[in-house]
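Understanding the architecture of this molecule
The lines below spell out each chain.
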Amino acid sequence: MSVFDKYLAGWRLRTSRPSFEVGREVDIFIAESNGTSGRAYIGDTELVVEGAGPETVEKQVRVRVTEFDETTASGRGEFVEVVGESSYAE
C-alpha cells in the first residue's frame, strides 16, 4: 500500500442525496409541519415524518424510517422523540 493509499484510507465522498434503510432511526431537523406530519430535508433527500406536529419545527427529532425510494430520494418515517433544539431557536 502506497503512502497515498494510506492517506486516503477510510475516506469517502458525501452525497447530496443520502439514502436511508427502512427501520433505521436517524436524528434530523423538521423544517415544516402541516399539523399532523412534518417534512425534513437532508441535502436533496426529503422525508415526510408522521406525527411531527408544529411543536417539532426547527427541533432535532429522532425518526424511524418506514419507507424509502432511492430513485426519487424521498421517503416516510414516524416520529419517535425530540432529541435537541436548533441553534437558531430563540
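Just so we're clear, the structure is a prediction, and the values are computed from it rather than from any experiment.

**Thoughts on the overall build of the chain**
Helices and strands together make up the secondary structure of the chain, namely one helix and six strands. Written out in order from the N terminus, the α and β elements of the chain read α-β-β-β-β-β-β. A total of 90 residues make up the chain; the buried ones form 26% of that total. Residue pairs in contact within the chain that sit at least 24 positions apart in sequence constitute 54% of those at least 6 positions apart.

**Comments concerning the environment of D44**
With respect to the helices and strands, the residue D44 is situated in the loop between strand 3 (37-42) and strand 4 (45-50). C-alpha separation for the pair D44 and R17, spaced 27 residues apart in sequence, amounts to 5.1 Å. Setting aside residues up to four positions removed in sequence, D44 forms contacts with S16, R17 and A73.

**Some thoughts on the sheet that holds strand 2 (residues 32-33)**
Sheet architecture is open: six strands sit in the order 1-5-6-4-3-2, paired in mixed fashion. Two strands close off the open sheet at either side, each with one partner strand: strand 1 (25-29) and strand 2.

**Considering the nonpolar core**
Grouped together as the largest cluster of nonpolar side chains are 12 residues: F20, V26, I28, I30, A40, L47, V49, A52, V61, V63, V65 and F68. When residues of this core are traced back to their parent elements, those giving at least two are strand 1, strand 4 and strand 5 (59-69). A per-element tally of this core places strand 5 first, with four residues.

**Thoughts on the pattern of salt bridges**
Enumeration over the complete set of coordinates arrives at seven salt bridges. For R64, the salt bridge is made with E25, and the minimal N-O distance between the two is 2.8 Å. One end of the pair, R64, is in strand 5; the other, E25, is in strand 1, with 39 residues separating them in the sequence. Given a relative accessible area of 30%, R64 falls into the partly exposed group.

**Section: the side chain of T56**
Turning to its location among the elements, T56 is positioned in the loop between strand 4 and strand 5. Engagement of the side chain of T56 in a polar contact is seen with the backbone oxygen of G53, the distance being 2.6 Å. When residues no more than four places from it in sequence are discounted, the contact partners of T56 are I30, V61, F79 and V82.

**Quick word on the pairing of strand 6 (residues 74-85)**
Note that strand 4 and strand 6 share five bridges and pair parallel. Opposite E50, over in strand 6, you have E78 as the bridge partner. Alignment of strand 5 against strand 6, held across 10 bridges, turns out to be antiparallel. Bridge assignment links E67 to a residue of strand 6, and that residue is R76.

What counts and how
Residues numbered from 1 in each chain as written. Predicted model: local features only at pLDDT ≥ 70, side-chain atom pairs only at ≥ 80, totals over all residues. Heavy atoms only, no water. Helix = DSSP H or I, 4+ residues; strand = E, 2+ residues; numbered from the N terminus. Buried < 20%, exposed > 50% of the residue type's maximum accessible area, 1.4 Å probe, protein only. Contact = heavy atoms within 4.5 Å. Pairing = 2+ DSSP bridges. Core = buried A, V, L, I, M, F, W, Y, C linked by side-chain atoms within 4.5 Å. Salt bridge = Lys/Arg side-chain N within 4 Å of Asp/Glu carboxyl O. Polar contact = N/O pair within 3.5 Å; in protein donor to acceptor, adjacent residues only side chain to side chain.

The analysis is restricted to geometry; functional conclusions fall outside its scope.
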